[in-house]
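Listed here are the chains, written in short residue letters.
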Amino acid sequence: MRKLLIVALALVAYGCTPNITAGETADGPGVREYFNYGDSGVQYAGIRMIPIETPVGNFKVWTKRFGNNPRIKILLLHGGPAFTHEYMECFESFFPKEGFEFYEYDQLGSYYSDQPTDSALWTKERFVEEVEEVRKAIGADSTNFYVLGNSWGGMLGMEYALKYQQHLKGLIVANMVASIPDYVKYANEVLAPQMPADVLAEIRAIEARKDYANPRYEELLMSNFYAKHICRLPEFPEPALRSFKHANKEIYTLMQGPSEFGASGRLANWDIKDRLKEIRVPTLMVGAKYDTMDPKVMEAQSKAVQKGSYLYCPNGSHMSMWDDQKVFMAGVIDWIKKVDGGS
């Protein structure tokens, strides 16, 4: 009897009740309904290739659904451009416990999605339209749709909100300032000087030769920059290593450029600071002490939007969902629940 009581209390703590007949509670879906995706026939573990129409043809993008909750549908936007959903797999350890329905998603050109080669596809405007098509495919709308973007995904989330916020319930921008020139300035004037002088001189020399394929360049960055400002865990998480391994470097270089201390791609002049005031949906800006993005700027952005909140990760870097995980996840989950509750 005691064991049954403990199980029942645990289900209630997750917003569920052991009512296997109704399968739902006033707070959200019960266990049976949470795992009911309405599939018939072959089960695909929530994986779906969503058709995407583009000016140069039709393609498919990879998505994986977790849970069933008509009140909260969260779309995760990975960074890069053209990295993968894999480094965001850590959300699998947190969101299901809250009963959130969420989607991992590889953007077009990324490893698990179609990888067309027409360079006309790689623009922020085209990616915004892709997100809108994915939204329609997952049946999300202004009553339940949340976008959570990290890095480039945060940029894409802000751009999406500026065009389609009428379809959004909430926006989470993790570790992305609203200006590439500001990001470059912070990297060069604040972060780069923190490296040993001889290391920085060698990095600058490699960049001056445009010798970015030199293994030494990656070696210097990994120990002196990535380990301090991308992810500060003693070892990079295995999902992050997979994401780096599967990155489409051609698209990344075309849009961002090959250097970590400069932007020379199509996004080099991107700056929407003056447009943040147009974002009227509830928005959470996430900053971190050791991030490649200035946390003070992230806080200022939370005040620039109309309904902004700020989450600070004192031990985090660019991937604060990993290296300051407890603060990041607790803050994001609490904010989503407050927005869902109307507060």
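What counts and how
- Residues numbered from 1 in each chain as written.
- Predicted model: local features only at pLDDT ≥ 70, side-chain atom pairs only at ≥ 80, totals over all residues.
- Heavy atoms only, no water.
- Pairing = 2+ DSSP bridges.
- Helix = DSSP H or I, 4+ residues; strand = E, 2+ residues; numbered from the N terminus.
- Axes fitted to C-alpha atoms, helices over the stretch in contact; angles between N-to-C directions.
- Contact = heavy atoms within 4.5 Å.
- Patch = residues over 30% accessible without salt bridge, like charges linked within 9 Å, V, L, I, M, F, W, Y side chains within 5 Å.
- Areas by Shrake-Rupley, 256 points an atom, 1.4 Å probe, with all protein chains shown as cover.
- Salt bridge = Lys/Arg side-chain N within 4 Å of Asp/Glu carboxyl O.
- Buried < 20%, exposed > 50% of the residue type's maximum accessible area, 1.4 Å probe, protein only.
- Polar contact = N/O pair within 3.5 Å; in protein donor to acceptor, adjacent residues only side chain to side chain.
- Phe/Tyr/Trp six-rings, centres within 6.5 Å; stacked < 30°, edge-to-face > 60°.
- Lys NZ or Arg CZ within 6 Å of the ring centre and 35° of its normal.
- 1 Å grid on protein atoms, 1.4 Å probe; cavity = no way out; pocket = protein on both sides within 12 Å on 5 of 7 lines; lining within 4 Å.
- Points joined across faces, edges and corners; volume = space filled by probe spheres on them.
- Nonpolar A, V, L, I, M, F, W, Y, C, P; charged D, E, K, R; others polar.

How would you sum up the sheet that holds strand β5 (residues 145-150)? Please name residues and give values.
Strand pairing in a sheet relies on backbone hydrogen bonds. The paired strands run either parallel or antiparallel. Across the sheet, which stays open at both edges, the eight strands sit in the order β1-β2-β4-β3-β5-β6-β7-β8 with mixed pairing between neighbours. Sheet topology places β1 (47-54) and β8 (308-313) at the edges, where each strand pairs with a single neighbour. Adjacent strand axes in the sheet meet at a mean angle of 25° when their direction is disregarded. Both β1 and strand β2 (residues 57-66) contribute to a ladder of eight bridges, which runs antiparallel. The residue of β2 that forms the bridge with P51 is K60. Taken strand by strand, helix α10 (residues 295-304) contacts β6 (170-174), β7 (283-288) and β8, and its axis lies near 160° from that of β8. Contacts from helix α12 (residues 325-340) reach β3 (73-77), β5, β6, β7 and β8 within the one sheet, and its direction differs from that of β8 by about 165°.

So what about a nonpolar patch on the surface? Which residues, and what values?
A grouping of V42, Y44 and I47 is seen on the molecular surface, where their side chains present a nonpolar patch of about 310 Å² in accessible area. You can see Y44 is positioned in the loop between α2 (31-34) and β1.

Before we move on, could you go through the side chain of N69 and cite the residues and values that matter?
Tracing the sequence through the fold places N69 in the loop between β2 and β3. Note on N69: relative accessible area 6%, which makes it buried. Polar side-chain contacts of N69 include one of 2.9 Å to the backbone nitrogen of R71. Discounting residues that sit within four places of it in the chain, N69 has contacts with P29, G99 and E101.

Break down the packing of aromatic side chains for me, citing the residues and quoting the values.
For the structure shown, the criterion picks out 19 aromatic pairs. With a centroid separation of 4.7 Å and 5° between ring planes, the pair formed by F66 and F102 is classed as stacked. Placement of the pair is F66 in strand β2 and F102 in strand β4 (residues 101-106), with a sequence separation of 36 residues. Accessibility classification places F66 together with F102 in one group, the buried group. The lysine or arginine in question, K97, covers the ring of F94, its NZ or CZ lying 6.0 Å from the ring centre. The ring of F127 carries R126 above its face, with NZ or CZ at 4.6 Å from the centroid.

If you had to explain the layout of surface pockets to someone new, which residues and values would you point to?
Within this model, the largest pocket holds a volume of roughly 770 Å³. Sorting the residues of the lining of the largest pocket by element identifies α4 (152-164), α5 (180-191), α7 (215-229), α8 (238-245) and α9 (249-255) as the ones contributing at least two each. At six residues, the largest contribution of residues to the lining of the largest pocket is made by α7. Looking at side-chain class alone, the lining of the largest pocket contains 22 nonpolar, nine polar and four charged residues.

Outline the environment of E219, listing residues and values.
Here E219 shows up in helix α7. Classification of E219 as partly exposed rests on a relative accessible area of 47%. Considered as a pair, E219 and I203 are 16 residues apart in the sequence and their alpha carbons are 10 Å apart. Looking at E219, its side chain comes within polar contact range of the side chain of R216, at 2.8 Å.

Explain the pattern of salt bridges to me, and be specific about the residues and the numbers.
A complete count under the given rule lists 19 salt bridges for this structure. E101 serves as the salt-bridge partner of R65, at 3.7 Å between the closest nitrogen and oxygen. Of the two residues, R65 is situated in strand β2 and E101 in strand β4; the sequence distance between them amounts to 36 residues. Overall, E101 belongs to the buried group, its relative accessible area being 0%. We note a salt bridge from E207 to R204, for which the minimum N-O separation is 3.7 Å. Of this pair, E207 and R204 are both found in helix α6 (residues 197-208), three residues apart, which corresponds to roughly one turn of the helix. Connected via shared salt-bridge partners are E86, E89, E238 and R242.

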